[in-house]
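Chain by chain, the residues:
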Amino acid sequence: MTPPPAFSRAIKIAPSILAADFAAFGAECRALEAQGADWVHVDVMDGHFVPNITFGPATVRAIRPQVRGVLDVHLMIAPVDPYIDAFAEAGADIITAHLEATPHIHRTLQAIRATGKKAGLALNPGTGAEGVAHLLDMVDLICVMTVNPGFGGQKFIDMTAKIRALRAMIGDRPVHIEIDGGVTTETAPLVARAGADVLVAGSAVFKGGTADAPEAYGRNIRDIRTAAEAAVGQAV
Ligand code: DX5
Ligand code: ZN
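A short tour of the structure in this document, coming up. All values derive from a computational prediction rather than experimental measurement. (Residues numbered from 1 in each chain as written. Chains lettered and ligands numbered in written order. Predicted model: local features only at pLDDT ≥ 70, side-chain atom pairs only at ≥ 80, totals over all residues. Heavy atoms only, no water.)

Let's shift gears to the coordination of the zinc ion (ligand 2). Think of it this way: four donors in a tetrahedron around the metal ideally sit 109.5 degrees apart, and six in an octahedron ideally sit 90 or 180 degrees apart. At the metal site, the zinc ion (ligand 2) is ligated by H41 (NE2), D43 (OD), H74 (ND1) and D180 (OD), and these contacts range over 2.0 to 2.3 Å. Geometry at the zinc ion (ligand 2) is octahedral, judged from its 6 donor atoms and the angles of 66 to 168° they form at the metal. Spacing between the donor residues of the zinc ion (ligand 2) along the chain follows H-x1-D-x30-H-x105-D. A residue pair is termed long-range when its members are at least 10 positions apart, and H74 in strand β3 (residues 70-76) and D180 in strand β7 (residues 176-180) qualify at 106 residues. (Donors = N, O, S within 2.8 Å, 3.2 Å for Na, K, Ca; no water. Tetrahedral: all angles 85-135°; square planar, octahedral: opposite > 155°, others 65-115°. Helix = DSSP H or I, 4+ residues; strand = E, 2+ residues; numbered from the N terminus.)

What follows is the structure, encoded as structure tokens:
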């Protein structure tokens, strides 16, 4: 396995395998990386915190050897604490929990960091930026949901004001801002300009391709990256 890359605010594209062929995760992950994906995003859903069920630590363990880069595991589950060790042992590099999934998010972030993994904190669209003020030194990533979690292919919800507020709060800390939901070539510039550096995309990456014919994945990743990079640093 290659060592994790040093912290950078360069735009990173993290395809979500929620939009992949579930019978071919290995081939899909290899195709994504060959086509330029920076991270692979894994959406874990429990049918309780969100109204959909996907997969658990055993799937993450199976995928791990197929991914050379960062395995970004987004837990949409409640409770979350009993499962942190299992996802860490399965090979996640980043474990993200939702602020709304527990009354004790501080403890959850401590538990993630205690495994030696990077800790992420996700915020639903209805949750304000102020909730993270006392957690900024405990996180490596803040995931701003731009859909209500549970399903791929939903319409983007504009959270640019929240992203700008978080970017200002983070300052020089090595904390990524990740955007999850409805990212396309149209919405990527909005979030990149507001301060996001990690763009999760499911439908917009997988459209038009398959693991056997993945050239469209590459084009889609490049198009989203180019659109985002063109917007970085532009006046808000
Ligand atoms: C939503 C998931 C997202 C989703 C993104 O609950 O966390 O990662 O799969 O899919 P698109 O890009 O299709 O909105
Ligand atoms: Zn996600």
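Another aspect to go through is the site of ligand 1. For ligand 1, the set of nearby residues contains 20 residues, the closest of which are D43, G153, D180, G202 and S203. G150 is positioned with one of its backbone polar atoms (N or O) 2.8 Å from an oxygen atom of ligand 1. One of the side-chain N or O atoms of S203 is found 2.3 Å from an oxygen atom in ligand 1. Coverage of ligand 1 by the protein amounts to 99% of the 380 Å² it exposes when considered alone. If you list the elements that add at least two residues to the shell around ligand 1, you get β2 (39-45), β3 and β8 (198-201). (Near = heavy atom within 4 Å. Polar contact = N/O pair within 3.5 Å; in protein donor to acceptor, adjacent residues only side chain to side chain. Areas by Shrake-Rupley, 256 points an atom, 1.4 Å probe, with all protein chains shown as cover.)

Attention now goes to helix α5 (residues 160-170). In an α-helix, one turn spans 3.6 residues; hence positions three or four apart end up facing the same way. Here α5 has its buried residues at T160, K162, I163, L166 and I170. What you see down the axis of α5 is that its buried residues fit within an arc of 155°, all on one side. In α5, the exposed residues that point more than 90 degrees away from the buried face are A161 and A168. In this structure, the buried side of α5 is in contact with β5 (118-123), β6 (141-145), β7 and α6 (188-194). Once α5 finishes, G171 follows within two positions and takes phi at roughly 55°, a positive value. (Buried < 20%, exposed > 50% of the residue type's maximum accessible area, 1.4 Å probe, protein only. Arc of directions from axis to C-beta. Contact = heavy atoms within 4.5 Å.)

Turning our attention to the sheet that holds strand β1 (residues 12-15). The strand order across the open sheet built from 8 strands is β1-β8-β7-β6-β5-β4-β3-β2, with neighbouring strands paired in parallel fashion. Taken across any chain shown, the strands that pair with only one partner, and hence form the sheet edges, are β1 and β2. Recorded for the sheet is a direction-independent mean angle of 25° between the axes of neighbouring strands. Two elements, β6 and β7, share 5 bridges in a ladder whose sense is parallel. (Pairing = 2+ DSSP bridges. Axes fitted to C-alpha atoms, helices over the stretch in contact; angles between N-to-C directions.)

A separate point is the packing of aromatic side chains. Evaluation of the coordinates by the stated rule reveals 4 aromatic pairs. Relative to F25, the ring of F22 lies with its centre 4.8 Å away and its plane at 50°, an arrangement referred to as tilted. Each ring, one from F22 and one from F55, has its centre 5.7 Å from the other, and the planes form 50°; the classification is tilted. A residue pair is termed long-range when its members are at least 10 positions apart, and F22 in the loop between β1 and α1 (25-34) and F55 in the loop between β2 and α2 (57-63) qualify at 33 residues. Residue F55 is classed as buried on the basis of its relative accessible area, which comes to 10%. The structure contains a cluster of three or more aromatic residues connected by ring pairs, namely F22, F25 and F55. (Phe/Tyr/Trp six-rings, centres within 6.5 Å; stacked < 30°, edge-to-face > 60°.)

Glancing now at the nonpolar core. Core analysis: the largest hydrophobic core is formed by 66 residues, its most contacted members being I17, V42, V73, I142, I179, L199 and I224. Aside from chain neighbours lying at most four places away, what touches I142 is L121, L123, V132, L136, L166, I170, V175, H176, I177 and E178. Core analysis: the next-biggest nonpolar cluster, separate from the first, contains 11 residues, W39, A122, C143 and V198 among them. (Core = buried A, V, L, I, M, F, W, Y, C linked by side-chain atoms within 4.5 Å.)

Moving on to the environment of A92. With respect to the helices and strands, the residue A92 is situated in the loop between α3 (84-90) and β4 (94-98). Take A92: its relative accessible area is 0%, and that puts it in the buried class. When the C-alpha atoms of A92 and V60 are compared, they prove to be 7.2 Å apart, with 32 residues separating the residues in sequence. Setting aside residues no more than four positions away along its own chain, A92 makes contact with V60, L71, V73, F87 and K117.

What follows deals with unusual backbone geometry. Between A78 and P79 the backbone carries a cis peptide bond, its omega angle lying at 0°. Considering the arrangement of structural elements, one finds P79 in the loop between β3 and α3.

The analysis is restricted to geometry; functional conclusions fall outside its scope.
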